[in-house]
Amino acid sequence: MSKIPALVLVVAGGLLVAGGARAAETKTAEQVFKNIQVLKGMPAAQLDPAMDVMAGALGVQCNYCHVVGGKGKPPAMEKDDKQAKRTARKMVTMMQKINHDFFGDEQVVTCATCHNGRPEPRTVPPVERVAKEPEPGKVPAGVTVKSLVDKWTQASGGAAAWKKLKTRVTTGTIEGFGPAPFGMEIVQASPEKVREQLTMPSGTFTQGWDGKSGYRAFNGNPRPLDDVDEIRREAQFAPPLTLSALLSGAKVVADMPLDKGMAHVIEGRQGEAHVKLWFDPATGLLARMTVNVPTPVGDLPSQTDFEDYKTVDGVKLPFTIKTNQGGQTSIARYTDIKHNAKLEDAEFEAPKAPPPPAPQGK
Ligand code: HEC
Ligand code: HEC
C-alpha cells in the first residue's frame, strides 16, 4: 500500500530544493528555516502542512506567495519579494488575534474560514449549493478494533499469506501534478521499509524510510525528513498486520456512509494527527484512510481511497489509490507488483549528498 500525497505537492512547490539542512523533529520552525516571523514556536515538522493549508485555503500554488526559482535556479522560499507573502503574515497575526480575542484562543477561525478556496474572499453570499457533509451513523454494537482488523486480515489473504512475503516492488504512474503522469516506483521490505521514487520532467524525486529514519531527495540531494508519520504509514509492508498498531487510543467510532453502504471506522492518534481507517462493508478491506494534521493556521485534512484490489501472490492489494490532500487530488495507478526479489539494506538508506559545487566567480 502506498500513496504519494504531500511529497508531490512539495516537489511541485520546490520546497524540496529549498535547501537548508532540516534536522530533528523537536526543532522549532525558526531554528530550521531562515525567515520565520509569525509562525515562531511551531514545530518545524508542521511547516509543510501549514503551507499546504495556506495554499489550499486560498486555492493557489506555492508560487503565489513564494519565489520558487526557475530551471537550475534554487527556490528562495525565505525571500519576501511577493506582496502576497507579506500579506499572508499579517493574516496569520489577524487570525491569531481573532481567535484570541473572540474565541478564547481556540482555533475557530482559520485561513479557510474566510478564503474558502479563493485569494480574495467573497463579500456576498454564495449562490451555489454546497455538497452536504456526510451524516455519520451509529457506533456499531459488538464491533471492536480487533474484529475489524481480523476481518481485514482474513479478507486480504490471511496472516500466513502475508508472512510469506518479504519484499515488494511496485511500478506505476501518478497523475494530477502536471500535464502528463509521472512514472513511479515503490520498493518495500517487511516490516516497514520503503523507498518511493517519482520520475518527473524536472528530475527524480525520492523519499525513504529505513525503519528508523527518513529522507527526501531531489536529484540525489538528500535532507532528513522531520515529519515521519506519513511515510511510516506508507512503509507498512503488511498493513492489516501492523497499520493499526501505529495508532494510539484506537477505537471504533460511528459508521460513515461509503458508496452505497455504511463503513465501520477505526479512529486513533498518530502523534498529533488524527487517523481514521474506513472498512468496506461488503469486503472487509480497507477502503479509505482519512488523516487530519493540526497546524497553527488550520487543520490539513487528507483522504486516501484504496480501490481496484487484486490478488498478488496470495494477498489482496489496491491497484488504484486516490488522494485528496487539502483539495489537491492525485491518482496513483499501479501496473505491476512483484514480491520477494532480493533487496539490500542500502536500498532504503538516504543517498550520499554530492559534494557542494565549487563557488563560481562572476
Ligand atoms: C498565502 C501565501 C503562502 C503560500 C501559498 C505558501 N506560503 Fe510558504 N510561507 C508563507 C509565509 C507568510 C511564510 C513565512 C512565515 C513566517 O514568517 O512565520 C512562509 C514560509 C515558508 C518557508 C520557510 C522559508 C524560510 O526559510 O524562511 C517555506 C520552506 C515555505 N513557506 C514553503 C512553501 C511551500 C512548499 C508552499 C506550497 C505548498 C508554500 N510555502 C505556500 C506564505 C505562503
Ligand atoms: C477574517 C477573514 C480572513 C481570514 C481569517 C484570513 N483572511 Fe486573508 N484576506 C481576507 C480579506 C477580506 C482579504 C482581501 C483584502 C483586500 O481585498 O484588500 C484577504 C487577502 C489575503 C491575501 C491577499 C490576496 C491577494 O489579493 O493577493 C492573502 C495572501 C491572504 N489573505 C492570506 C491569508 C492567509 C494565509 C490566512 C490564514 C493565515 C488568511 N488570509 C486568513 C480575509 C481573511
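Note that this is a predicted model, so its numbers are computed, not measured.

With twelve residues, helix 3 (residues 47–58) ought to run about 16 Å at 1.5 Å a step, and its terminal C-alpha atoms sit 17 Å apart, in line with that. Among all positions of helix 3, only Leu-47, Asp-48, Pro-49, Ala-50, Met-51, Asp-52, Val-53, Met-54, Ala-55, Gly-56, Ala-57 and Leu-58 are buried. One or two residues past the end of helix 3 sits Gly-59, with phi positive at roughly 70°.

Another aspect to go through is helix 6 (residues 145–155). Listed in full, the buried residues belonging to helix 6 are Leu-148, Val-149 and Trp-152. All buried residues of helix 6 lie within an arc of 95° about the axis, which places them on one face of the element. Exposed residues pointing more than 90 degrees away from the buried face of helix 6 are listed as Lys-146 and Gln-154. On its buried face, helix 6 sits against helix 9 (239–242), strand 7 (248–258), strand 8 (261–270), strand 9 (273–279) and strand 10 (286–295). Gly-157 occupies a position one or two residues after helix 6 and carries a positive phi of about 130°.

What follows covers the pairing of strand 9. Within a regular strand, side chains alternate between the sheet's two faces. The element strand 9 is largely enclosed, with a buried count of five among its seven residues. The sheet contact formed by strand 8 and strand 9 spans seven bridges and is antiparallel. Following the sheet pairing, Gln-270 is matched in strand 9 by Ala-273. Between strand 8 and strand 9, which follow one another and run antiparallel, lie two residues, and Gly-271 among them has a positive phi close to 60°. Inspection of the sheet shows strand 9 paired to strand 10 by six bridges, in the antiparallel sense. Paired with Leu-277 across the strands is Met-289, a residue of strand 10. The antiparallel hairpin formed by strand 9 and strand 10 contains six residues in its connecting segment, where Gly-284 sits at a positive phi of about 85°.

Here we take up the nonpolar core. Counting residues in hydrophobic clusters, the biggest one holds 54 residues, and the most contacted among them are Ala-50, Val-53, Met-54, Cys-111, Leu-277, Phe-279 and Leu-286. No other element matches the eight residues that helix 3 contributes to this core. In contact with Leu-286, other than residues within four places in its own chain, are Trp-152, Pro-239, Leu-277, Phe-279 and Phe-306.

In this fold, Lys-316 is placed in strand 12 (residues 315–325). Separated by 31 residues in sequence, Lys-316 and Leu-285 have C-alpha atoms that sit 8.7 Å apart. The contacts of Lys-316, once residues within four sequence positions are left out, are Ala-155, Ser-156, Gly-157, Leu-285, Tyr-309, Lys-310 and Thr-311.

Take the pairing of strand 12 next. Across ten bridges, strand 11 (residues 298–312) lies against strand 12 in antiparallel orientation. Counterpart to Glu-307 in the pairing with strand 12 is Thr-320. Turn length for the strand 11-strand 12 hairpin, with the two strands adjacent in sequence and antiparallel, is two residues, and the turn residue Asp-313 shows positive phi of about 50°. The pairing of strand 12 with strand 13 (residues 328–339) spans six bridges and is classified as antiparallel. Counted as the bridge partner of Thr-323 is Ser-330 from strand 13.

A cis amide bond links Ser-190 with the next residue in sequence, Pro-191, at an omega value of -5°. Of note in the backbone geometry, Asn-116 takes a positive phi value of approximately 45° without being a glycine. With respect to the secondary-structure elements, Asn-116 resides in the loop between helix 5 (111–115) and helix 6. With 14 C-beta atoms counted inside 10 Å, the residue Asn-116 sits in the partly exposed group. Positive phi is not limited to glycine here, since Asn-219 has a value of about 45°. Checked against the element boundaries, Asn-219 lands in the loop between strand 5 (214–218) and strand 6 (221–224).

A few words on the confidence of the model for the chain. Mean pLDDT over the chain works out to 87, with 87% of the residues at or above the 70 mark. For the stretch residues 1–25, pLDDT sits under 50, and the model shows 78 contacts to residues farther than four places along the chain or on other chains.

Rules used throughout
- Residues numbered from 1 in each chain as written.
- Chains lettered and ligands numbered in written order.
- Predicted model: local features only at pLDDT ≥ 70, side-chain atom pairs only at ≥ 80, totals over all residues.
- Helix = DSSP H or I, 4+ residues; strand = E, 2+ residues; numbered from the N terminus.
- Expected span 1.5 Å × (residues − 1).
- Buried ≥ 20, exposed ≤ 12 C-beta atoms within 10 Å, placed from the backbone.
- Arc of directions from axis to C-beta.
- Contact = placed C-beta atoms within 7 Å.
- Pairing = 2+ DSSP bridges.
- Core = buried A, V, L, I, M, F, W, Y, C linked by C-beta atoms within 7 Å.
- pLDDT = per-residue confidence, 0-100.

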